[in-house]
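# Close look at the chain arrangement
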Amino acid sequence: MPIKKFTVFIVFAVLFWSCQQKPSEVIVPQIIPNLQNQSIMEGNFVLRDGMGIQNDSDFSISADFLKNFIQDGSHITLKENDDIVFVKDTSISNVEGYVLEISTSQIRIKANSDQGAFYAVQTLRQLLPVGFENGSFYKNEVAIPCLKIEDEPRFQYRGMHLDVARHMFSVEFIKKYIDALAMLKMNTFHWHLTDDQGWRLEIKKYPKLQELASYRDQTLVGHFSDQPTTYDGKRYGGFYTQEDIKEVVAYAQKQHITVIPEIEMPGHAQAAISAYPELGCRGDSIKVAQTWGVFEDIFCAGKESTFTFLESVLDEVIDLFPSEYVHIGGDEAPKTHWKTCDACQNRIKDLGLKDEHELQNYFITRIEKYLNSKGRQIIGWDEILEGGLAPNATVMSWRGTNGAVEAAKAGHNVIMTPTSHCYFDYYQSTNEGEPLAIGGYLPLEKVYGFNPIPEELNQDESQYVLGVQGNLWTEYIPTERQVEYMVFPRILAMSEVAWTNPEYKNYEDFVSRVETFNMRLDALAKNYANHLYEVEGALITEKEQSFYALKTLTKDKVIRYTTNGSEPNEQSVIYEDPIPFNENMTLKAAVFKNGKQLGTTFTEHFNYHKAVGKKITISPDPSKVYAGSGAQGLINGISGSDTRYGDKEWLGFWGDDVGITIDLGEEMEINAIKTRFHNGQGQWIYAPKYIEFQFDHDSQIIEVPDSNDILVLVEFDKKVRTRYIKLIVPNYGIIPEEYQGSGNKAWTFIDEIIVN
Ligand code: ACM
Ligand code: ZN
């Protein structure tokens, strides 16, 4: 055959053999967030010294990022070649979507925008060895598997928040935070810049904001609920100059991250009011807050001067932040001072408003109008629904999802950040060794399982859900290392909630990708939490017999355990079948690989009592987001954590009176019943005022004394014969005026019911 044809044949044959779909044993790339669509081919593309990247100016951000990543990360120097090409593809309808094609001869990145191409680059980055992350890849060539990926995000808003008011972090650290967002294909950084404990943004027109409002005299030590209250006696504070802000915004733009500033109003304004007392209703001198919580000194809604101030502040904010959205807070604004302020009351009268909630609506709507006139839109926490919603506002739903449902049904955009799944200041493990946190319990799996579309929305209404965000409030997070600890790995789960369609999500698969991803985090020197090698347990009851089952998340490991309270070691029994539970015991277990313990030791104290494994019914059901391990968890012999009400043992009910019935199977004598309730005013959790115990022939009401303790014990201690035990637990009621969350229904959290 003629030479030319033969050459063509060879080229095709090589391409055919090297890039056809491989039927088995493919190494699937371990990408987070998971890709929507990928096919792995046989063969590799070898990226080597002297190769090059070709792109036109449409793709300059992405191409520059990739060039720097390769050259800074390895000994590969790029030249002017077309081994990696960026191709404009107008048929890709999602501006953030991309196609990544890797054949033996070329890498093609197709996108309709630089943003889409940027996410292709982030995927390619995760196909490269982790040494590229810190410049420790010493070779000058690397093989990348042939594949084709078609990918696009599920949601257009994929955010992370950071509170820099309670504790402040350096510009260098903020940049690293932004780097992490970009790596995980998130596109929004919500920067919480002002609060009661500090104003962190330079405003040229009001210098006392940086001179006074950005410093507090001292800070609370320990947890808010610790008694007695102590302070560290150290001045704390700082602020970002306008040059700092410009630097961060420009840096973020180079990674397609929008920075949304939050300027809190009308509440969480004590720092600003301390510098300019005339901004409050009372005009008296107050200090920048030194403790956490909700404060009554909020911006006066009656005086014109408040609006002059805020509009001037916003003018400077708009100049600094090109973002379409400005977050104006709106949460947790007690109306105490508005009720007694002449200016506020006159405003209510003059405008014919019904009450202070409508005054809040006036406040927010007026600020919205101002920002709209400058071409900007507002986002507010879901309290902006009170007294009516500003016409164009986007609602950030944090107090559960009701705010989102109400707003979406009214045709407003919403962003989902409910405390139950998105608050990374909550504990992530029940280990006692965790750093002090605000409370709550939000493990990795719960973040991963979040479905951002509330069930109450139909298909049309769910279009208003723009996306999701993880929040990091920093009352209990003084250092940058601790920020990382609280954010990683939960941000990995959140990125997948935001990016990946449910059909490509699977927790077990995610966990194995996290295990791989941790090596990248090591290369990036991130201080991530690692709870992958922990043991989890669950009580199971079969034919009136109780057993305890153990599992761990990752593959190729064994669990070893003891039941006498001693530490497990490489000689301890290997767990195979559920462990019988018919007497008190202390179970300790840990994950081992090659004779070495990997994670921390799991400890469970079992208190065998008369109700363990019996029948229990609860009406109504607990809240879906705090359903623990179900009703049976209240009589499984295991008490919940003393500090983490959201763990598997506590059940949470929002606003409902609860009836709990235990069927002991036959009449028997009981001598005492004990249970306990969680008290957490900051989280709107209150013990009931009394509970009623009902038996077959008898009943008794037990008063629960008012207490600030976070655990409230209730004990019934009389002999009775009964088959059924019923507990009536009335809800505390509406949260009173002077407390956080006032006007809302209180939560009830109940732990194990111990029947002796
Ligand atoms: C909030 O957590 N106060 C929005
Ligand atoms: Zn006022």
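Here the structure is a predicted model, which means the values were calculated and not measured.

What follows covers the coordination of the zinc ion (ligand 2). Around the zinc ion (ligand 2), the donor atoms from the protein are Cys281 (SG), Cys300 (SG), Cys341 (SG) and Cys344 (SG), and they sit 2.3 Å away. The coordination sphere of the zinc ion (ligand 2) comprises four donor atoms, whose angles at the metal cover 106 to 114 degrees; the geometry is tetrahedral. Spacing between the donor residues of the zinc ion (ligand 2) along their common chain follows C-x18-C-x40-C-x2-C. In this pair, cysteine 300 sits in the loop between helix H7 (270-275) and helix H8 (304-320) while cysteine 341 sits in the loop between helix H9 (336-340) and helix H10 (342-351), placing the two residues 41 residues apart along the sequence. There is no split in this pair, since cysteine 300 and cysteine 341 are both buried.

So, about the sheet that holds strand S3 (residues 79-88). Taken in spatial order, the six strands of this open sheet run S1-S6-S4-S5-S3-S2, and their pairing is mixed. The outermost strands of the open sheet, each flanked by one partner alone, are strand S1 (37-48) and strand S2 (52-54). When the angles between neighbouring strand axes are averaged without regard to direction, this sheet yields 30 degrees. Bridge count for strand S4 (residues 98-102) against strand S6 (residues 141-151) is five bridges, and the pairing is antiparallel.

This next bit is on the packing of aromatic side chains. In this structure the tally under the stated criterion is 42 aromatic pairs. Taking the centre distance of 6.4 Å and the plane angle of 85 degrees together, the rings of tryptophan 191 and phenylalanine 321 count as edge-to-face. Here tryptophan 191 is found in strand S8 (residues 188-192), whereas its partner phenylalanine 321 is found in the loop between H8 and strand S16 (325-329), with 130 residues between them in sequence. Phenylalanine 321 matches tryptophan 191 in its accessibility class, with the two residues each being buried. When the ring centre of tryptophan 499 is taken as reference, the NZ or CZ atom of lysine 185 above it lies at 5.7 Å. The residue whose ring lies beneath arginine 560 is phenylalanine 592, and the NZ or CZ to ring-centre distance is 5.9 Å.

Judged by nonpolar contacts, the single largest core of 205 residues is most densely connected at Ile109, Trp191 and Leu550. In terms of residue count, helix H4 (residues 171-183) provides more of this core than any other element does, nine residues in total.

Summarizing the sequence annotation, UniProt attributes the feature "active site" (unreviewed entry) to Glu332 in the numbering used throughout. Position of glutamate 332 among the secondary structure elements: in the loop between S16 and H9. Overall, the relative accessible area of 16% leaves glutamate 332 in the buried class. At a separation of 2.8 Å, a polar atom in the side chain of glutamate 332 contacts the side chain of histidine 268.

Mapped onto the elements, lysine 557 comes out in the loop between strand S22 (545-552) and strand S23 (558-562). Polar contacts involving the side chain of lysine 557 include one to the main-chain carbonyl oxygen of lysine 555, which spans 2.7 Å.

Right, let's talk about the packing of H8 against helix H11 (residues 356-373) for a bit. For the pair H8 and H11, the least separation of the axes is 11 Å and the interaxial angle reads 40 degrees. Taken together, H8 and H11 sit at an angle that is classed as oblique. Like other packed secondary-structure pairs, H8 and H11 cross with a definite hand, here right-handed. Contacts from Glu304, Thr306, Phe307, Leu310, Glu311, Leu314, Asp315 and Ile318 of H8 reach H11 at Tyr362, Phe363, Arg366, Ile367, Tyr370 and Leu371.

Rules used throughout
- Residues numbered from 1 in each chain as written.
- Chains lettered and ligands numbered in written order.
- Predicted model: local features only at pLDDT ≥ 70, side-chain atom pairs only at ≥ 80, totals over all residues.
- Heavy atoms only, no water.
- Donors = N, O, S within 2.8 Å, 3.2 Å for Na, K, Ca; no water.
- Tetrahedral: all angles 85-135°; square planar, octahedral: opposite > 155°, others 65-115°.
- Helix = DSSP H or I, 4+ residues; strand = E, 2+ residues; numbered from the N terminus.
- Buried < 20%, exposed > 50% of the residue type's maximum accessible area, 1.4 Å probe, protein only.
- Pairing = 2+ DSSP bridges.
- Axes fitted to C-alpha atoms, helices over the stretch in contact; angles between N-to-C directions.
- Phe/Tyr/Trp six-rings, centres within 6.5 Å; stacked < 30°, edge-to-face > 60°.
- Lys NZ or Arg CZ within 6 Å of the ring centre and 35° of its normal.
- Core = buried A, V, L, I, M, F, W, Y, C linked by side-chain atoms within 4.5 Å.
- UniProt positions renumbered as here; feature names shortened; annotations may be inferred.
- Polar contact = N/O pair within 3.5 Å; in protein donor to acceptor, adjacent residues only side chain to side chain.
- Parallel < 35°, antiparallel > 145°, perpendicular 65-115°, else oblique.
- Left-handed = near helix turned anticlockwise from the far one by under 90°.
- Contact = heavy atoms within 4.5 Å.

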